[in-house]
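Notes for the structure review
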Amino acid sequence: MLENVWLIPLFPAIGFLINGLFGRSLGKKVVSWVGPSVIGLSFLTSILIFFELIGRPPTERLFEKVIFDWVVSGSFQTVIGYQIDPLSILMALVVSGVSFFIHIYSVGYMHDDPGYTRYFTYLNLFVFMMLNLILANNFLLMFVGWEGVGLCSYLLIGFWYEKDSASNAGKKAFVVNRVGDFGFLLGMFLLFTSLGKHGVWTLDFTEVFANASKLDIGTVTAITILLFIGACGKSAQIPIYVWLPDAMEGPTPVSSLIHAATMVTAGVYMVARCNVLYSMAPISMAVVAIIGVATAIFTASIGFCQNDIKKVLAYSTISQLGYMFLGVGVGAYSAGIFHLMTHAFFKGLLFLGAGSVMHALSGELDMRKMGALRKKIPVTFWTFFFATLAIAGIPGLSGFFSKDEILWQAFSSPHGYWLLWAVAALAAGMTAFYMFRALFMTFFGESRVDEHVSHHIHESPRIMTVPLVVLAGLSIIGGYIGVPHVLGGANHIHQFLAPVLGGGVEPVKAHAEISILSQAWASGGEAGGHSAALELIMMVVSVVIALIGIGIAYLFYVKNPALPKLAAERWKRLYTLVFNKYYVDEIYEILFINSLKNLGTGLWKGFDELVIDGSINGIAYLIGLLSGTMRKIQTGLVQNYAFSMVIGGIVLVAYYIVRAIFY
Amino acid sequence: MTIPSVPPECYLVLSGILFTIGVIGALTRRNAIVVFMCIEMMLNAVNISFITLSRFLQSLDGVLFAFFVIAVAAAEAAVGLAIFVMIYRSRETINVDEINLLKW
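Residues numbered from 1 in each chain as written. Chains lettered and ligands numbered in written order. Predicted model: local features only at pLDDT ≥ 70, side-chain atom pairs only at ≥ 80, totals over all residues.

The geometry of a pair of packed helices is captured by two quantities: the angle between their axes and the separation between those axes. Residues and elements named next belong to chain A. At a closest axis distance of 10 Å, the pairing of helix H11 (residues 266-273) and helix H14 (residues 309-329) adopts a crossing angle of 5 degrees. The pairing of H11 with H14 is recorded here as roughly parallel in orientation. The segment H11 lies against H14, with Val268, Val271 and Ala272 engaging Leu321, Met324, Phe325 and Val328. Residue composition of the contact of H11 with H14, by class: 7 nonpolar, no polar and no charged. (Axes fitted to C-alpha atoms, helices over the stretch in contact; angles between N-to-C directions. Helix = DSSP H or I, 4+ residues; strand = E, 2+ residues; numbered from the N terminus. Parallel < 35°, antiparallel > 145°, perpendicular 65-115°, else oblique. Contact = placed C-beta atoms within 7 Å. Nonpolar A, V, L, I, M, F, W, Y, C, P; charged D, E, K, R; others polar.)

On to helix H1 (residues 7-26) of chain A. All names here are of chain A. Taking 1.5 Å of rise per residue, the 20 residues of H1 would be expected to cover 28 Å, yet its terminal C-alpha atoms sit only 24 Å apart, more than 12% below that figure. Largest kink in H1: about 45 degrees, centred on Gly20. Within H1 the residues assigned to the buried category are Ile8, Pro9, Phe11, Pro12, Gly15, Phe16, Asn19 and Gly23. In this structure, the buried residues of H1 make contact with helix H2 (28-54), helix H3 (86-109) and helix H4 (116-135). Downstream of H1 by one or two residues, Gly27 has phi in the positive range, about 95 degrees. (Expected span 1.5 Å × (residues − 1). Bend = angle between axes of the 7 residues up to and from the residue. Buried ≥ 20, exposed ≤ 12 C-beta atoms within 10 Å, placed from the backbone.)

In this section: the pairing of strand S1 (residues 63-73) of chain A. All names here are of chain A. In terms of strand pairing, S1 meets strand S2 (residues 76-84) through 9 bridges, oriented antiparallel. Bridged to Phe68 within S2 is Ile80. From the end of S1 to the start of S2, which pair antiparallel, there are 2 residues, and Gly74 there has a positive phi angle of about 60 degrees. (Pairing = 2+ DSSP bridges.)

Opposite the 11 residues of chain A that make contact, chain B presents 10 residues. Among the residues making up the side of chain A that touches chain B, the classes are represented as 5 nonpolar, 4 polar and 2 charged.

Here we come to the domain arrangement of chain A. In terms of domains, chain A is made up of domain 1 (281-574) and domain 2 (584-662). Its C-alpha centre places domain 1 of chain A at a distance of 70 Å from the equivalent point of domain 2 of chain A. (Domains from an automatic or database assignment.)

Overall, the prediction assigns chain B a mean pLDDT of 90, with 98% of residues at 70 or greater. Across the interface, the model reports ipTM at 0.84; the global pTM reads 0.78. (pLDDT = per-residue confidence, 0-100.)

The phi torsion of most residues other than glycine is negative, and most of the peptide bonds are trans. All names here are of chain A. Cis rather than trans, the peptide bond between Ile238 and Pro239 has omega equal to 5 degrees. Residue position: Pro239 is located in the loop between helix H8 (217-234) and helix H9 (243-246). Notably, Ala236 is not glycine yet its phi reads approximately 55 degrees, a positive angle. The residue Ala236 is located in the loop between H8 and H9 in this model. The exposure class assigned to Ala236 is buried, which follows from the 30 C-beta atoms found within 10 Å. Not every positive phi belongs to a glycine, and Lys581 is a case in point at roughly 55 degrees. When you line up the elements, Lys581 lands in the loop between helix H25 (572-579) and helix H26 (584-630).

Here's what the structure looks like:
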């Protein structure tokens, strides 16, 4: 079965071709079958491959399948090839699985859209590109997937392109992503040339990582920082996160699939994939961790004041991505990937739930016009509720395990620092607050729904609620593959990923507790004394912080709905600042967009119009002037022409006569 | 009685006079048929000088040219008159001053 890894990306490609080329003539019904079923086949293949892989001993869990040579130049060779290892198969499972359910959901959600076929074409193409990104065995093919998902993101954000805001948001996403991709490309080039100096011309993952030790620290730092800029663009981190909130203009299942569950996590995946390089460059790791934690808290605070339910979720996504980067930044790669996976479940679910709410309320997005929907759309409410619990980090649900592992690693790992933990824990409390704020505003309290909408509030059809329920199930139980040792679990995911991501963090610093911890870690299970107690205490602390966040949200939005207004008036300036998202968009507008516009206008008016147009038009004008006079000679009277011929003849004869006389 | 021989200079002068009359007529007359006749006169003036010089130089080249000119003039007359007929049909005039479409 491992031989057939190429089937995983092939199925969506087939779906893309069928839907794209023949979708219109095949009709809606066939498209509804083809779209989700090709993804289902991919999912099935991934499951089969996964089981075959775990049948092998941990050290042999790496398989590469070369499809064909792609770029061959001298001793450099790049192939179209796919790589199966614990990391990529886990990602493939998450991506194809979540995609499958979101495709099914889309059949219901997009049912009456005139662009139905186009939608599934793009969505299939997206999954194909995403699987290429994940399964690629070299940087170049990964970059193809990287750009491909960016393209699909652009196409799907601007899916309703008749709307100005949607097409603008698509452009914004595309342009901002270019900034990141620029970094990715430079990083790749630098990696390629600096390895080439040592005689290793390759972009293949296995070979690059095997030869990474030949590079000096400075080069590796530069490479990893550049790659991280790429990750910042794709995964919406400070300072180039601004495209993701706008990306909510796309259809809601797209926000769920691309802008929450899969594509935006590509950056985290890429950093985890390059963990060998990152581990060599402590400065880069610090940068990753700090950017991650800063993003986590910064965007969580923006989430406080948003009234658009999808915008809240968007900022929450950015914040959670920040967590993942914090995780990989402190060397806890498996914790980052673990959070990536659980986040795909609960955030995908949250978006689908928001879509279901919109479906019930005829497309209403403003949470101020919702409320008391709990009884009216119970399935949506309960699934949304569990997802909210999961993201808030309530013990027993998936988000708790993954988030707590990141928090603990941020504190305890040799790359960690107590301040990272403190900020991240605070952000966790804020997450709990704004998520429960969204929950309370949407489903509890008094109904603020518009009169004409409230008559036909209805639960979504079965085809939409079933994916909700499945994802809710995954959000609840998804965490149990990574129960930490201190709670008596075996941390399966950590062990599973260990061959790729290393066995956790090596105790480099001479921290007393840490070395005890890592010994306890290594011995597996019997978590000893001090550090285990510390870990438990931290767990309790983070849960308490989350509960406080929930409590405040309850107080503000259920118990005393007048409080938010009072608070907003009390701290009016702060509120306006946060409500306007810290004016980041406006600052970028002034700093980058306007200066580029001015440069462009300057070149347009100064150079293009004056110099280039001037010279071209000037020459044309002169010639026109000249020919305007010359053409008067053409009178159309034959006798005039004859007259000039006679004159010419006389002149010629006169010339010869004169010449004969004088010479 | 013998007819006194005419010196070749006279023929050439005659040819020149005829040619000049043809040129002036072709440039000044407005009726296309008259212009055409003037052109014929120019051609025949040239023919006279050809024949004269042929005789004078005791060579047949000039005669040969004269025949060519006659043949070409005949063809030209056929085509030219046909054109005039067509112009007259469409514009009801053969005044060359009014046939001036081919211009700026």
